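# Architecture at a glance
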Amino acid sequence: MPDTEFTITCPYCGEDVAIYLEPDTRGVFVQDCEVCCNPWQLRVTVDGDDRWVDVSRADDVKEMADAAFAHFGALDILVNNAGIGHLPQPLEGLPEDDFDRIVAVNMKAIYLAAKEIVPRMKAASRGVILNMASTAGVSPRPRLTWYNASKGWVITATRSMAVELAPFGIRVVALNPVAGETPLLATFMGEDTPAMRAKFLATIPIGRFSTPEDLGNAACFLCSDEAAMITGVAMEVDGGRCI
C-alpha cells in the first residue's frame, strides 16, 4: 500500500479519529467517531481530498468506494464500524425515527458497503470484511432491545456472508466488544455515574471496560494472514462477560 496519510474528522464535533494501521498491513483500519450525535457521518480526508460520507446513504457509500479504488487500485480490507445505540428504555417506548436510524446505521450501512465492495473483491479473488457487532447480540441487556437486535443481525449477516463468499477467497468476520471507554458508554448506561459504572463492571470478569486498542489489536489479527483459516466468527472482546 502506498505511503498515504489518512485523517478522519467528525463534521459535528471536529474530533480527529484515530487510525489503527500496522506497518505491514495492506488494508486500512478506521474507527468512526462516537463523540457527537451523528457518528455515521464523517469527513474523510485522503491526501488532502475531503469527502463527506453518510454510511446510510447509497450515493455516499458508492462515492466512497469509487474514491478508494481510484486511489489504491484495490481494497483488501473493509471494516464496517459505524454504529449507534439508544438510551435504556422499555422496548415499546423507542420512537420510530430512532428505530429507523438504528436500522439504517447498524444494518443498512453494511448492506450498502457490501453492494459496492464485494463485487470488486470477487473480481480480485481476495478480501476480508470485518463487521462490528457487540456482546449485545450474544448476551443482551434489558431495555436495550432494538440495539441488541441490530447487533444480533450483524452476527447472523457475518456468518451468512462468510459462507457465501468463502468460495471467492473472501473472509468475513466480526468483533463483539463489551461496553467500552467511548462517549457511547453513557448512552448504554443511561447515565455515567460511579454507581452505574460499578454495576456494568460487575458483569465483566476482567474488571474493566474495553478500549479502542483492545478492538484494534483483535481487528488487526482477524484481518491478517495469520487468521487465513478463520471466517464466520464473531470474536468476543469482552473480558469474559459472555462466558
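Notes on the structure follow. As the structure is a prediction and not an experimental result, all values here were calculated from the model.

Cut-off values and rules
Residues numbered from 1 in each chain as written. Predicted model: local features only at pLDDT ≥ 70, side-chain atom pairs only at ≥ 80, totals over all residues. Heavy atoms only, no water. Helix = DSSP H or I, 4+ residues; strand = E, 2+ residues; numbered from the N terminus. Buried < 20%, exposed > 50% of the residue type's maximum accessible area, 1.4 Å probe, protein only. Contact = heavy atoms within 4.5 Å. Core = buried A, V, L, I, M, F, W, Y, C linked by side-chain atoms within 4.5 Å. Phe/Tyr/Trp six-rings, centres within 6.5 Å; stacked < 30°, edge-to-face > 60°. Lys NZ or Arg CZ within 6 Å of the ring centre and 35° of its normal. Pairing = 2+ DSSP bridges. Right-handed = clockwise from strand over helix to strand, strands pointing away.

Of regular secondary structure, the protein possesses six helices and 10 strands. Looking at the protein as a whole, 47% of its 243 residues qualify as buried. When contacts within the protein are restricted to residue pairs at least 6 apart in sequence, long-range pairs at least 24 apart make up 70% of them.

This brings us to the side chain of Thr-158. The topology assignment puts Thr-158 in helix 3 (residues 145-165). In this structure, Thr-158 is in contact with Asn-131, Val-172, Val-173, Ala-174, Gly-232 and Val-233, ignoring residues within four places of it in sequence.

For the rest of this paragraph, the subject is the nonpolar core. A general feature of soluble globular proteins is that nonpolar side chains tend to end up buried together. Judged by nonpolar contacts, the single largest core of 20 residues is most densely connected at Ile-129, Met-161, Leu-165 and Val-172. Among the elements of the structure, helix 1 (58-72), helix 2 (96-124), helix 3 and strand 9 (170-177) are those that each provide at least two residues to this core. Considering every element that reaches this core, the biggest residue donor is helix 2, with six residues. Apart from residues lying up to four places away in sequence, Val-172 is in contact with Ile-129, Asn-131, Thr-158, Met-161, Ala-162, Leu-165, Thr-231, Gly-232 and Val-233. Val-128, Val-173, Leu-222 and Cys-223 belong to the second-largest nonpolar core, a separate cluster that totals 12 residues.

Following the criterion strictly, the structure yields two aromatic pairs and no others. Judged by centre distance (5.6 Å) and plane angle (90°), the ring pair of Phe-99 and Trp-146 falls under edge-to-face. Highlighted residues: Phe-99 in helix 2 and Trp-146 in helix 3, separated in sequence by 47 residues. Take Phe-99: its relative accessible area is 33%, and that puts it in the partly exposed class. For the pair Tyr-147 and Phe-188, a centre-to-centre distance of 4.8 Å together with 50° between the ring planes defines the contact as tilted. Of this pair, Tyr-147 sits in helix 3 while Phe-188 sits in helix 4 (residues 185-189), and the two are 41 residues apart along the sequence. Given a relative accessible area of 13%, Phe-188 falls into the buried group. Residue placement shows Lys-122 over the ring face of Phe-168; its charged tip is 4.5 Å from the ring centre. Against the face of Phe-200 rests Arg-141, its NZ or CZ located 4.2 Å from the ring centre.

Below, the discussion takes up the pairing of strand 9. Burial analysis of strand 9 places eight of its eight residues in the buried class, the great majority of the element. Across the two faces of strand 9 the burial is the same, with Ile-170, Val-172, Ala-174 and Asn-176 and Arg-171, Val-173, Leu-175 and Pro-177 all buried. Bridge count between strand 8 (residues 127-132) and strand 9: six bridges; the pairing is parallel. Note on strand 9: the bridge partner recorded for Ile-129 is Val-172. For the crossover from strand 8 across helix 3 to strand 9, the handedness is right-handed. Both strand 9 and strand 10 (residues 234-237) contribute to a ladder of four bridges, which runs parallel. Residue pairing across strands places Ala-174 opposite Ala-234, the latter belonging to strand 10.

Keep in mind these numbers describe shape, not what the thing actually does.
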